[in-house]
Structure formats: C-alpha cells, structure tokens
Amino acid sequence: MSNKSVLCIAESRSQAEKIVNGLKHSGFANNDISALFPDQGGTRDFAHAKGTKAPEGAVAGVSGGALLGGALGWLAGVGALILPGIGPFVAAGPILAALSGVAVGGAVGGITGAVVGMGFPEYEAKRYEGKVLDGNILISVHTDNANDIRRAKHIFEQELAQDIAVAGESEVINQTLEHNPDDIFHTIR
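Cut-off values and rules
- Residues numbered from 1 in each chain as written.
- Predicted model: local features only at pLDDT ≥ 70, side-chain atom pairs only at ≥ 80, totals over all residues.
- Heavy atoms only, no water.
- Salt bridge = Lys/Arg side-chain N within 4 Å of Asp/Glu carboxyl O.
- Helix = DSSP H or I, 4+ residues; strand = E, 2+ residues; numbered from the N terminus.
- Buried < 20%, exposed > 50% of the residue type's maximum accessible area, 1.4 Å probe, protein only.
- Phe/Tyr/Trp six-rings, centres within 6.5 Å; stacked < 30°, edge-to-face > 60°.
- Lys NZ or Arg CZ within 6 Å of the ring centre and 35° of its normal.
- Pairing = 2+ DSSP bridges.
- Core = buried A, V, L, I, M, F, W, Y, C linked by side-chain atoms within 4.5 Å.
- Contact = heavy atoms within 4.5 Å.

Student: Residue-level account of the pattern of salt bridges, with values.
Tutor: For the coordinates displayed, the defined rule picks out 5 salt bridges. For aspartate 163, the salt bridge is made with arginine 127, and the minimal N-O distance between the two is 2.9 Å. Residue aspartate 163 is located in strand 7 (residues 162–166), and its partner arginine 127 is located in helix 6 (residues 122–133); the two are separated by 36 residues in the primary sequence. Residue classification places arginine 127 among the partly exposed positions, given a relative accessible area of 37%. When the shortest N-O distance is used, the salt bridge between aspartate 148 and arginine 151 registers 2.7 Å.

Encoded structure:
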C-alpha cells in the first residue's frame, strides 16, 4: 500500500459505484482503490458455503461478480470477512489484506486499526469505523502522487462524498493552527 491514502464515506451503494467509476475512468488502477462496507446479505452463510470451518474470523475470497456488481466488482481482491465482535463485511483492494490479518487473529477494532495503518490518527479512524458500522461505505485511494491525491479528492467532492480526508492532512492543519491560527483559511479549501 502507498504511503498516502485519501478516504471518503459514500452513503449508498449507487454513490459508491459512481465514485469508483469516476476513479476508474480517471486512470486509477483497481488495486489502488479500497472499499469496505457491512455485508447485509449474509457473509456468514457465504463463508460457510466456501468451505470455511470457522464462523468467526472467516475470510473468503470471491470473484467480483459473486458478491459485488457493477463498478465495485471491478476492484481488486474482493473478499468477504467476519471481524470478531463486529460482524460480516465486504472489502476490496488493499484494505482487505489489512483486515484479513485482523479477522484471522481475532483482534477487536479492526476497522480502526486498518484506518490508523493508512496514516490517520486514531480519533479519525474511530469516526470512520462508526460510519461504516452505521451502514456507510468507506472508499480509499492509495497513492504517493500529489496530483493523484488532488484528483481523487476532486472525484469524491464531485460525487458529494462525505468525510473526505487525506492521511497526514489533519496534522498539517493542526500544526498550522499552532503556529498561526489565521493561516487556517489558506490551509483548508
């Protein structure tokens, strides 16, 4: 995974698909985009159908069309998993690898840990976890290129995504406020 991540929250599956389509058509690779959302359709049953012996901590690889349709099915590494103490989720992209270790290891607070691993402070990660647990979809783009970061943010904004953030950006804003509170208007756009 790249050192920088740009995150947003989509409030519906159709909004998430528009965002992913925008990212795809803008030239982002499918393995640079992650999506995470609660599985309302029964990952537990799906995991058992795939021959998994453990109902908790199960991770099942799936083909894009089996669980996701449309643009979300285009993402790399789509998988269904059960996070112990939290429930069933569908994940795609680099976040799946981060969460797979949590699911198998039985750690609690896996979503928060995965978002912290992307470079976000714990308080922001907990906020994103709460949004996902409420049924929203977390979408992230992983890149080190400043132009790609701006392009991803633009696509998120264009599709009216919520809670758009870039890893490390809040630290820059906080440092700016500490040194010169009037500069906040130049930092936030």
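Student: An account of the packing of aromatic side chains is needed here, citing residue identities and associated values.
Tutor: Summed over all chains, the structure comprises 1 aromatic pair. Each ring, one from phenylalanine 120 and one from tyrosine 128, has its centre 6.2 Å from the other, and the planes form 65°; the classification is edge-to-face. For the pair formed by phenylalanine 120 and tyrosine 128, the shared burial category is buried. Lying across the ring of tyrosine 128, arginine 127 places its NZ or CZ 5.2 Å from the centre. Against the face of phenylalanine 28 rests arginine 151, its NZ or CZ located 4.2 Å from the ring centre.

Student: For the pairing of strand 5 (residues 87–92), give the residues involved together with the corresponding values.
Tutor: For strand 5, the buried fraction is high: 5 of the 6 residues fall into the buried class. Pairing analysis gives 4 bridges linking strand 2 (residues 33–38) to strand 5, with the strands arranged antiparallel. Across the sheet, residue phenylalanine 37 finds its bridge partner in strand 5, namely valine 90. Bridge count between strand 4 (residues 79–83) and strand 5: 5 bridges; the pairing is antiparallel. For leucine 83, the partnering residue across the bridge sits in strand 5 and is glycine 87. With antiparallel pairing between neighbouring strands as the criterion, strand 4 and strand 5 make up a hairpin whose turn holds 3 residues, including glycine 85 at a positive phi of roughly 80°.

Student: So what about the nonpolar core? Which residues, and what values?
Tutor: Grouped together as the largest cluster of nonpolar side chains are 25 residues, with contacts concentrated most on Ile19, Leu23, Ile139 and Phe156. For this core, the secondary structure elements donating two or more residues are strand 1 (5–10), helix 1 (13–25), strand 2, strand 5, strand 6 (137–142) and helix 7 (146–158). Apart from the residues within four sequence positions on either side, isoleucine 19 is in contact with Cys8, Ala10, Ile139, Ile155, Phe156, Glu159 and Ala161. In terms of nonpolar packing, the next biggest core, distinct from the first, is built from 21 residues, Leu81, Leu96, Leu138 and Ala165 among them.

Student: Outline the pairing of strand 1, listing residues and values.
Tutor: Along strand 1, 6 of the 6 residues are buried, which leaves the element largely enclosed by surrounding structure. Alternating positions in strand 1 separate into two faces, Ser5, Leu7 and Ile9 on one and Val6, Cys8 and Ala10 on the other, with burial throughout. In the sheet, strand 1 pairs with strand 6 via 6 bridges, with the strands oriented antiparallel. Residue pairing in the sheet places isoleucine 9 in a bridge with leucine 138 of strand 6. Summarising the sheet, strand 1 and strand 7 pair through 3 bridges and their orientation is antiparallel. In the sheet register, leucine 7 faces strand 7, and the bridge partner there is alanine 165.

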